[in-house]
Amino acid sequence: MDSPPAQTGSSAQLRGNPFSRWLVRTGIYYGWTMTLVAFVCGLWSIGFIFYTYGIFREPIRHDLGWNVSTLTAAYAGYTILMAIWGPAAARLTERYGSRQIVLAGTFILPVAMVGISFARTEFQFFIAFSVLASLGTAFLGMIPNYAALNQWFTANKAQSFSWASAGISSAGMTLVPFTQYLLNHYGWREAYRINAALLVITVLPLVLLTFYDRPSDLGVPEETPPPADPDAEPDRLMEFREIAFDKRFILSVLSLSLASACWSVILQSFVSDLSTRDTGYRWTQGDAATLYTCMAVLCAIGKPIFGALGDRMERRRAIIFAVSMQVAGFVLITVTRWATLVPFSFLGVPVDLLLVSGVLLYGLGVGGTLPLFSALHADQFGRLSFPRVSGLATPFNVAIISVMYLVTGAMYDRYLSYLPQGWLMLAAYAVSIGAILILLIRVKRPRNPRRTFETPLERAEPV
């Protein structure tokens with residue numbers, strides 16, 4: 001990790017509250033405090049909803065007498081509305097700043113969770129979960145937080161994004177067992193209310209005391225001085241239409257969306273695949289769940305590893321490396337349908353070298369991909385346009401993931417096996433790697449992605 005410049009200054013130079021000024025004087029670059037805030041926001045926003053909804057479904061269904069399709073439709077509505085709120089969150093971040101949007105999310109998401117706990121009808125549940133929770137997740141999630149981190153970091157940008165997104169994966173290791181305990185002892189309604197209270201207690205003080213949109217708001221210098229390059233293109237605010245038709249955006253979002261769709265489908269079907277195989281060894285539900293937990297831990301570990309790698313090599317090459325690891329891991333996991341290599345027991349689960357290697361490669365590769373793409377977008381489009389790029393990428397990403405879910409679900413119903421969808425995943429991965437290769441070979445990146453805050457919005461026209 002590169003050493004940041006000295007950030008301490010006189011009391012007259014520093015702004016903010018006494019606590020934030022004390023953090024500055026500790027000598028640790030303040031951007032890492034912002035990374036911690038983003039970590040906690042990701043834990044409670046995307047992480048809580050994504051990882052705990054599966055354990056809430058059965059208690060809600062039995063209590064209210066609903067069928068599975070109702071709860072599945074509610075989650076589908078949540079996902080679709082997340083795609084709609086993405087561009088809106090980007091616009092509002094530009095207008096009001098990241099801090100104000102995150103603060104709004106800190107209030108909206110707990111209100112949604114409490115609303116879910118009081119729901120008695122399908123309509124009430126849809127409003128609280130699909131509408132309000134998706135809005136709170138968009139405001140508290142990665143778009144405003146990444147926009148702020150993009151202002152704080154230059155040399156360690158990918159590492160910062162990676163540590164921030166690790167909060168999402170950490171929810172599977174922390175909030176899931178805690179929520180399961182609450183479900184067992186207090187019921188699903190109290191579980192939502194207690195988590196809502198904890199969200200406010202943990203996030204609200206952090207945001208109020210430590211969140212600053214950029215270094216100048218606190219009176220500290222940037223992480224590293226911008227390099228002197230008179231030929232660097234000035235940062236400017238691009239229109240949504242201009243971004244949507246930019247070939248850098250098209251190729252990178254195509255690659256990201258296909259890779260995201262693959263790992264979403266594979267992770268969701270991992271336990272079912274291992275426990276229902278018609279060829280090779282068939283694991284029990286519990287043993288397959290243990291392996292899935294190990295993969296989730298590896299996803300969290302992979303984020304800081306690839307974050308450090310992405311700051312030390314060309315971002316697109318790091319992305320190709322991460323996605324290729326996913327492909328290699330998936331192939332090894334699939335091969336275990338027909339072959340084993342050095343069988344042994346791991347955590348009481350019967351495995352072999354092929355399966356362990358596949359889980360290791362796939363988990364690490366999945367963990368590192370999303371932060372690298374975010375860092376690439378920050379490089380390619382600059383600080384001013386980055387929130388719009390992140391917001392516009394969300395509906396494209398959600399659309400491709402949704403189509404992949406529908407197609408693979410229909411394939412399973414047709415063949416009663418997860419093997420055919422594996423060939424589709426490999427084809428999608430091939431297109432994902434091909435798109436980023438085209439971006440690497442044929443599309444030039446800006447000479448200088450490190451922009452100052454004072455650069456003009458538009459390049460001056462020659463006289």
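### Re the packing of aromatic side chains
A full pass over the atoms with the stated rule returns 26 aromatic pairs. Here Y29 and W152 contribute two aromatic rings whose centre-to-centre distance is 6.0 Å and whose plane-to-plane angle is 65°, an arrangement assigned as edge-to-face. Remark: W152 occurs in helix 6 (residues 142-152) and Y29 occurs in the loop between helix 1 (18-25) and helix 2 (31-64); sequence separation between them is 123 residues. Neither residue differs from the other here; Y29 and W152 are each classed as buried. Where W44 meets F48, the ring centres are 5.9 Å apart and the plane angle is 40°; that geometry is what we call tilted. Taken together, the residues span about one helical turn, with W44 and F48 both in helix 2 at a distance of four residues. Grouping aromatic residues by their ring pairs yields a cluster made of Y29, Y30, W32, W152, F153 and Y212.

### Here's the deal with helix 11 (residues 247-275)
Taking 1.5 Å of rise per residue, the 29 residues of helix 11 would be expected to cover 42 Å, and the 42 Å separating its terminal C-alpha atoms lies within 8% of that figure. Along helix 11, the sharpest kink reaches roughly 50°, centred on S269. Burial analysis of helix 11 places 24 of its 29 residues in the buried class, which makes it a mostly covered element.

### Concerning the pattern of salt bridges
Inspection of every chain in the model, using the stated rule, returns 14 salt bridges. The salt bridge involving D273 is made with R277; its shortest N-O contact spans 3.7 Å. Note on R277: relative accessible area 2%, which makes it buried. For D278, the salt bridge goes to R337, with nearest N and O atoms at 3.8 Å. Here D278, found in the loop between helix 11 and helix 12 (285-310), pairs with R337, found in the loop between helix 13 (315-335) and strand 1 (344-346); they are 59 residues apart in sequence, far enough to count as distant. Judged by relative accessible area, R337 falls into the buried class, the value being 3%. A network of salt bridges, in which partner residues are shared, links K157, D311, R315 and D379.

### Observations regarding the nonpolar core
Note on soluble globular proteins: their nonpolar side chains tend to be buried together. Within the largest apolar cluster, 123 residues are counted, with the highest numbers of intra-cluster contacts made by F125, F129, W152, Y192, Y362 and Y429. Ranked by residues supplied to this core, first place goes to helix 2 with 14 residues. With residues near it in sequence (within four places) discarded, Y429 still touches A259, C262, W263, I266, V323, Q326, V327 and Y362.

### Concerning unusual backbone geometry
Notably, V342 is not glycine yet its phi reads approximately 55°, a positive angle. Note on placement: V342 falls in the loop between helix 13 and strand 1. Located in the positive-phi region is L347, a residue other than glycine, with phi close to 55°. Relative to the elements of secondary structure, L347 occurs in the loop between strand 1 and strand 2 (349-351). You can call L347 exposed: its relative accessible area is 62%.

What counts and how
Residues numbered from 1 in each chain as written. Predicted model: local features only at pLDDT ≥ 70, side-chain atom pairs only at ≥ 80, totals over all residues. Heavy atoms only, no water. Phe/Tyr/Trp six-rings, centres within 6.5 Å; stacked < 30°, edge-to-face > 60°. Helix = DSSP H or I, 4+ residues; strand = E, 2+ residues; numbered from the N terminus. Buried < 20%, exposed > 50% of the residue type's maximum accessible area, 1.4 Å probe, protein only. Expected span 1.5 Å × (residues − 1). Bend = angle between axes of the 7 residues up to and from the residue. Salt bridge = Lys/Arg side-chain N within 4 Å of Asp/Glu carboxyl O. Core = buried A, V, L, I, M, F, W, Y, C linked by side-chain atoms within 4.5 Å. Contact = heavy atoms within 4.5 Å.

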